[in-house]
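Structural overview
Here are the chains, one letter per residue:
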Amino acid sequence: MSYSELYTRYTRVWIPDPDDVWRSAELTQDYKEGDKSLQLRLEDDTIREYPIDVQNNQLPFLRNPDILVGENDLTALSHLHEPAVLHNLKVRFLESNHIYTYCGIVLVAINPYEQLPIYGQDVIYAYSGQNMGDMDPHIFAVAEEAYKQMARDEKNQSIIVSGESGAGKTVSAKYAMRYFATVGGSASDTNIEEKVLASSPIMEAIGNAKTTRNDNSSRFGKFIEIGFDKKYHIIGANMRTYLLEKSRVVFQADDERNYHIFYQLCAAASLPEFKELALTCAEDFFYTSHGGNTAIEGVDDAEDFEKTRQALTLLGVRESHQISIFKIIASILHLGSVEIQSERDGDSCSIPPQDEHLSNFCRLLGVEHSQMEHWLCHRKLVTTSETYVKTMSLQQVVNARDALAKHIYAQLFSWIVEHINKALHASLKQHTFIGVLDIYGFETFEINSFEQFCINYANEKLQQQFNSHVFKLEQEEYMKEQIPWTLIDFYDNQPCIDLIEAKLGILDLLDEECKVPKGTDQNWAQKLYERHSNSQHFQKPRMSNTAFIVIHFADKVEYLSDGFLEKNRDTVYEEQINILKASKFPLVADLFQDDKDSVPATNTAKTRSSSKINIRSSRPPLKVSNKEHKKSVGYQFRTSLNLLMETLNATTPHYVRCIKPNDEKLPFHFDPKRAVQQLRACGVLETIRISAAGYPSRWTYHDFFNRYRVLMKKRELANTDKKSICKSVLESLIKDPDKFQFGRTKIFFRAGQVAYLEKLRADKFREATIMIQKTVRGWLQKVKYRRLKAATLTLQRFYRGHLARRLAEHLRRTRAAIVFQKQYRMQRARLAYRRVCWAAVIIQSFTRAMFVRRNYRQVLKEHKATIIQKYARGWMARRHFQQQRDAAVVIQCAFRRLKAKQELKALKIEARSAEHLKRLNVGMENKVVQLQRKIDDQNKEFKTLSEQLSVVTSTHAMEVEKLKRELAHYQQNQEADASLQLQEEVQSLRTELQKAQSERRVLEDAHSRENGELRKRVADLEHENALLKDEKEHLNNQILRQSKAASSQSSVEESLLMKKELEEERSRYQNLVKEYSRLEQRYENLRDEQTPGHRKNPSNQSSLESDSNYPSISTSEVGDTEDALQQVEEIGVEKAAMDMTVFLKLQKRVRELEQERKKLQVQLEKEQQGSKKVQIEQQNNGIDVDQDADLAYNSLKRQELESENKKLKNDLNELRKAVADQAMQDNSTPSSPDSYSLLLNQLKLANEELEVRKEEVLILRTQIMKADQRRLAGKHMEPNINARTSWPNSEKHVDQEDAIEAYHGVCQTNSQTEDWGYLNEDGELGLAYQGLKQVARLLEAQLQAQSLEHEEEVERLKAQVEALKEEMDKQQQTFCQTLLLSPEAQVEFGVQQEITRLTNENLDFKELVEKLEKNERKLKKQLKIYMKKVQDLEAAQALAQSDRRHHELTRQVTVQRKEKDFQGMLEYHKEDEALLIRNLVTDLKPHMLSGTVPCLPAYILYMCIRHADYTNDDLKVHSLLSSTINGIKKVLKKHNDDFEMTSFWLSNTCRFLHCLKQYSGDEGFMTQNTPKQNEHCLKNFDLTEYRQVLSDLSIQIYQQLIKIAEGLLQPMIVSAMLENESIQGLSGVRPTGYRKRSSSMVDGENSYCLEAIIRQMNSFHIVMCDQGLDPEIILQVFKQLFYMINAVTLNNLLLRKDACSWSTGMQLRYNISQLEEWLRGKNLHQSGAVQTMEPLIQAAQLLQLKKKTHEDAEAICSLCTSLSTQQIVKILNLYTPLNEFEERVTVSFIRTIQAQLQERNDPQQLLLDSKHMFPVLFPFNPSSLTMDSIHIPACLNLEFLNEV
């Protein structure tokens, strides 16, 4: 291809420029062979003539097409040369803000001097597992490539990071190590990855310093080997260091600093532990004040020092060693500040004796002050015969001091590196390693010394290795593609290396000159001139005899020989070292042992295997001169460099070249001169040159066919073989066969050929465009002509019609005018006649009307005069009446005002009292109703008693009449005295009866009077209550109206906030569950690793002891009151909850106990009084002593009960006081729900116990009274019974049979003791009389008892009335006080009163419910016990019956069992539990239950649990639940990658959880149960805590399910969503096919389409639906999966430049629509999955939107609400045009977008968190199945389960 074809008009080229290095221009005319110049137009439209070197034919470099500008890989450029590379880097750096670019195998990293959000954990996960060319260039991509090749090839890898100071080498190496620490984290708990990262701050502190080019420049080279085991987890690391810049310790240039550690230590000098260091600020020390400014902007030395200390601690450096290290560093500062005074002779020096710095130096290092003072100013000369001590001059002393300081720091540096290696040493065998080399780049300054020489020597070696590796890769690629190749000529810098390191090279001559006693730098320079003057890489400067020039691969460097010998020798006087060896501090002495000097400081590869402690011998070793065996610095550096090269050659290298864009450290500022200089030095251009020498452009046949099919002919496209089509097209397009080669899978092009093909393609498009334009324009002209012709004809037709219509109109108008004239003239004459007529008539009418009006006015005047007189007279009469009435009204008003004032005063007084009652009597209506009910009950009781009394009175009257008749009969037969006695007795009985009747009437009157008063009081209270209700309603309405406005505004916000907090809390809880499961899995893995072989756990072992702190079973009953109080004492009262309800209950209970105590006290006093009277009467009448004993026993029992009540009251008061005190002490601490429930349980138990005790007291009293009755009725029926004796059964009605029985008992008793024979033989008359007398007394005693009871009832009512009066008085006082308050306070007080009343009522109802529930539980428990006893008895009887029949039967008879209803319970024996778990959980496969009821194992487990609950076996319940949970965990661990198994157990666990809720007995879960299902509820156990354990287990299973599904979907997402051609034909115009692109691979193994994702999700959906998983959980699963699809796709889109195009946006929208259609088809659109895809939808729309004007920017900002500002800007920066006709997104448009989005508060995170998991909800989903309808299939092998 000739130049005339390439250099045509409009071709763009690069020309040199002094400012911008290269400048773009455009040819204005074609180039012809022989032209001496080119006519160019620059970018500023200036015309320039560019001369051409005709002899060498050096034409300017061609510029690449715009479609290739901004490529990720520089080798993908068609024209490979320096200006193309520079321009591509500049465009990516400035316009797209991309700091990373590939150049073949090299990653070019430009320092942005700004923190970028591209190094987070999300970015690490995004690059993990990806191919190097699939994503945007990044340091993580290089690290991933190294990690992947290590795992794939099992070969060691290395990452070589190089560049100038300030280019970002250390940061790049740090990020690479961070990537390895994250991806290859250690499998054990050694945290070795954290230790590897912790070594960075330590090495930066002791090895980095501020320079003029970099604030954190590494002044040494390091190579870190990160070791991996066979599973590719980090197990250790090792560090090698190279060429520490020791001279910086004693000298720094202007605006530079010493090593960071010195300034960090000075910043922390004020800490107490560093007082002994005697440090001050850094400006006070000589070694830290050379550079001037000691601070770095934005750096806190004290904070960095704290990080350094933490890193040392993490790496295992003891605190004592840290203090020793800091002492040594501080001693160096003091040594540099020692004052040295010169003597007068100038040949000697001295140190002032009181020098504080020297004293501190000696004290900190533990050496002799006098010796150090002496040997700092003297030196020892040893000859063959004797030894001399010689003084030194001032300069010699300063040099010696500086050399000692440098040596101390170098030894300390080596010691720290060695201990870091020990801390990072791998305890396991290292399988492979990845090395990270952070080494200095090529350096050249105005004055270059020994350090620059060594640095450039190292770069020469590295460049040689780099060149050979690049060449090797190129040749391997050609061999792989089976194309012929010839040896590529590349630059070999071996001659330059030989110049430096070969025999008699520069280093050898330097070492020889160092051995010469009087060797000087000038002599060494002369030897170099003599030896290497003929070398092509060595030159002598013209103007200097002490400098030399070495021509390196990057540039010529002039070195000044001054100081080379001294730096190479690194001489330190032996006497000073011996003093340090004798230090009393072991660490200082160990630093300077002889073995340290003999081993190079940098070679730690051998020393790392030996971590023994240095032991000093007690005998001093023989001294050997340092000079004889000490190796020079150059020799040590050459040795370590060769060792490094051997290591690198044994690994697969990966290169990172760091570029410093400018010297001013400005963010995103690009200096082309500095960039070109570094590109030449770091080998990037050499890579370009090697690539350009071969075939740099490589296309697959598929991509070439799609891209350049427009250049093919129709007959060529008929062929189906794309490879042959490509060959024929290329052969026809490119005539030179050397410009391309056909490989096995790719086509290789020489440099510039792709640009030529692009030019041909553009020309083809241009020709096609012209043809289309020509055709379209001709068609448009034809259409225009036809349109004009048709319009002309139409106009003519319309115009002619218009003329005809106008003529016709004229004729019509003429005829009409004549008609108008005729009619007008006629009308005018008629109007004149009518006008005259009308005038005459009008004149007549007006005249007549005038006369009529005159008459009317006269009559009207007279009438009005009459009316005026009438009204005037009436007004005068009314005024007189009004005056009299007003006087009367005034008098009445005065009188009424007086009366009104008096009445107002009375009403105010009445209003105050009524208002008081209104405020105090809030809530009294219920109490009034209760009092009314009590009065009604008392009236009913009184009526009953009155009826009983009337019956008794009538009976008594009948008995009296009977007695009278008998007495009359008896009087006839007896003597007069007997009759008199009987009459007296009858009279006394009558008197007593009358007295009782009178007392009864008095009591009835008093009762009726009290009853009337109470009724009146109740009526008054009801009236007041009605008034208070009205006022309360009014106040409530007012409060509601006021609060409704405020609550309506805040309710929505509060609900949203509460919902958000609930989601966050749920998410945190589930993350904790996830972390717990991960730790549990890690613990089990460690346990498995520690315990080899098979390990079997006991079947009865429960893992719940480690999983949770839940108790085994929570029963509903917990002991008695004393146990509960003891439990409170053990736990501590301070843990009880401070609750108002509890205190109200306590207060109410105390009040009840107080009333009970008062009642018992009154009863006790009455009993004591009665007992005293009885004792007196017994002494007088001789009654038996047993009654006293009974009374004493009764009194003692009541005293015990009273003391017990007092004890309970004291306990409650102490409990309340302790709770109140604790609440006051811990106001801010929220009360524990466990303590609260414990306190409520204790109070409930105390109430229950108190009720039981009260029932026992009543039973005891009844038994005592019955015993007394029997004893008194049988033995002590004496005639002188006291009338006021208390009869136990006085409340019962005594009928006639009881009286007869009592009569017979008396007769039997008295017949033995008394003789009635003197009356008659049988004594029947006396016995009858005695019996009747006893019956009468019995009736009398019963009547008196009833009277006493009535009196007690009246007293109780009076006491209640008094209590009500007291309460009314209190409320009256409170009401008076309330009146003084403000209206708001009054309303608040009323509300509080109402709350108190409602709380009391609520407590009453609650106590009543608790009593009923307690009785119900007792009855149920007794019923179960009785049922069990009945069943056992029936079973025993049946067994006995069968045993009896067994001997009677002589033949086999089949016993038929009666069919009973299945109760939904399964019984099994305890020894079958392990078999049950194995068959139902461990060995169960999901396909075995196909066709059965979903979640069958859950139902079976619940039926087993229900039977254990039925038999009240808590151990069985605990064991079965624990074994089930452990079995499920074991199955999930075994099948941790099986989606079907995980989904199966998730559905069963959720169903088991739902069953425990549905049949728990809680009303909240039983709303949808049928009556049959309610019978299947648990009766004895509360499994709430196990429900929580199962809920946590469900969360773990759900997270494992999501993890498995994501693992199956994630490999498909990128290929299906971004790379696959969902819409055919779009790929033909996308710019693909460049080097290292995964998108270029078609029909590969990892190629997926969208249908694959849909098929996979279909399988997920089918599995979950078939296994009965709850629909709500299925929705949440797909919401999570769609979020993962969105996150992975969007993250890849944000990290891939080739994916950000219009066609990708179109395919994304199509793919998303397909996924949405799938969701709708599966009825999953309500899951919220589409909302999770919103960021991806907006990104696809952003790729397709127009991106030019301000309106476009506003549209983008309003549309992309789910994308952050960084994501929008990133997509716009990555946007790639489809072809050359589409424009790129301009920088100004992106700035406009950023300005409009500036107000957004978006997070700094660029990528979405693909690991984020939404909190899962398990809504309650009850089953409609009943337990008795479930059938157990035989395939489960559960024959040992018995249906109950």
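Shown above is the structure to which this text applies.
This section reports on the structure supplied with the text. (Residues numbered from 1 in each chain as written. Predicted model: local features only at pLDDT ≥ 70, side-chain atom pairs only at ≥ 80, totals over all residues. Heavy atoms only, no water.)

With that out of the way, let us pick up the packing of aromatic side chains. Throughout the structure, instances matching the rule amount to 39 aromatic pairs. Both rings, one in Phe 180 and one in Phe 228, keep their centres 6.4 Å apart while their planes meet at 85°; by these two values the pair is edge-to-face. One end of the pair, Phe 180, is in helix H5 (residues 169–183); the other, Phe 228, is in strand S11 (residues 221–228), and 48 residues separate them in sequence. Accessibility assignment for this pair places Phe 180 and Phe 228 in one class, buried. With a centroid separation of 5.2 Å and 15° between ring planes, the pair formed by Tyr 259 and Tyr 409 is classed as stacked. (Phe/Tyr/Trp six-rings, centres within 6.5 Å; stacked < 30°, edge-to-face > 60°. Helix = DSSP H or I, 4+ residues; strand = E, 2+ residues; numbered from the N terminus. Buried < 20%, exposed > 50% of the residue type's maximum accessible area, 1.4 Å probe, protein only.)

Turning next to the sheet that holds strand S12 (residues 234–242). Spatial ordering of the open sheet is given by S6-S7-S21-S8-S17-S11-S12, a layout of seven strands whose pairing is mixed. Unpaired on one side and paired on the other, strand S6 (100–103) and S12 mark the two borders of the sheet. Going from strand to strand, the sheet's axes swing by 20° on average, the running direction of each strand aside. Here strand S8 (residues 157–163) runs beside strand S17 (residues 432–438); their pairing, made up of five bridges, is parallel. Considered in S17, the bridge of Ser 158 is made with Gly 435. (Pairing = 2+ DSSP bridges. Axes fitted to C-alpha atoms, helices over the stretch in contact; angles between N-to-C directions.)

Okay, a nonpolar patch on the surface next. A contiguous nonpolar patch, built from Ile 772, Val 776, Trp 779 and Leu 780 and spanning about 410 Å² of accessible area, is present on the exposed surface. Mapped onto the elements, Leu 780 comes out in helix H28 (residues 753–920). (Patch = residues over 30% accessible without salt bridge, like charges linked within 9 Å, V, L, I, M, F, W, Y side chains within 5 Å. Areas by Shrake-Rupley, 256 points an atom, 1.4 Å probe, with all protein chains shown as cover. Salt bridge = Lys/Arg side-chain N within 4 Å of Asp/Glu carboxyl O.)

Membership of the largest hydrophobic core comes to 317 residues, with the highest contact counts inside it found for Phe 180 and Phe 548. The leading source of residues in this core is helix H44 (residues 1584–1619), at 18 residues. Sequence-distant contacts of Phe 548, defined by excluding residues within four places in its chain, comprise Phe 453, Ile 506, Trp 524, Leu 528, Tyr 529, Phe 538, Gln 539, Pro 541, Val 557, Glu 558, Tyr 559 and Phe 564. (Core = buried A, V, L, I, M, F, W, Y, C linked by side-chain atoms within 4.5 Å. Contact = heavy atoms within 4.5 Å.)

Further remarks concern unusual backbone geometry. Its identity as a non-glycine residue notwithstanding, Asp 45 has a phi of 70°, on the positive side. Tracing the backbone through its elements, the reader meets Asp 45 in the loop between strand S3 (37–42) and strand S4 (47–51). Judged by its relative accessible area of 60%, Asp 45 falls in the exposed class. Of note, the phi angle at Cys 1495 is positive, near 60°, even though the residue is not glycine. Within the secondary structure layout, Cys 1495 lies in the loop between helix H39 (1473–1482) and helix H40 (1496–1510). For Cys 1495, a relative accessible area of 6% corresponds to the buried category.

This part takes up a positive patch on the surface. Positive charge collects at one region of the surface, where Lys 713, Arg 715, Lys 735 and Lys 764 lie side by side. Locating Lys 735 in the fold gives a position in the loop between helix H27 (722–733) and strand S23 (740–742). (Lys, Arg positive; Asp, Glu negative; His and termini not counted. Charge placed at Lys NZ, Arg CZ, Asp CG, Glu CD.)

Attention now goes to the environment of Asp 355. Among the structural elements, Asp 355 can be located in the loop between strand S14 (349–350) and helix H10 (356–365). Expressed as a C-alpha distance, the spacing of Asp 355 and Val 338, which sit 17 residues apart in the sequence, is 6.9 Å. Ignoring anything within four residues of it in the chain, the contact list for Asp 355 reads Val 338 and Glu 339. Of the polar contacts made by the side chain of Asp 355, one reaches the backbone nitrogen of Glu 339; its length is 3.1 Å. (Polar contact = N/O pair within 3.5 Å; in protein donor to acceptor, adjacent residues only side chain to side chain.)

Let's shift gears to the pairing of strand S19 (residues 547–551). With five of five residues buried, S19 is to be regarded as a mostly interior element. Covered by surrounding structure in S19 are Ala 547, Ile 549 and Ile 551 together with Phe 548 and Val 550, the residues of both alternating faces. Pairing of S19 with strand S20 (residues 556–560) involves five bridges; the strand directions are antiparallel. For Phe 548, the partnering residue across the bridge sits in S20 and is Tyr 559.

The subject of this paragraph is the packing of helix H11 (residues 369–377) against helix H18 (residues 574–581). Remark: H11 packs on H18, axes separated minimally by 9 Å, with the N-to-C direction vectors making an angle of 165°. Classed by the angle they form, the pair H11 and H18 counts as roughly antiparallel. Note on packing geometry: the crossing formed by H11 with H18 is left-handed. Here Gln 371, Met 372, Trp 375 and Leu 376 of H11 come into contact with H18, specifically with Glu 575, Gln 576, Ile 579 and Leu 580. In the contact of H11 with H18, the residues fall into five nonpolar, two polar and one charged. (Parallel < 35°, antiparallel > 145°, perpendicular 65-115°, else oblique. Left-handed = near helix turned anticlockwise from the far one by under 90°. Nonpolar A, V, L, I, M, F, W, Y, C, P; charged D, E, K, R; others polar.)

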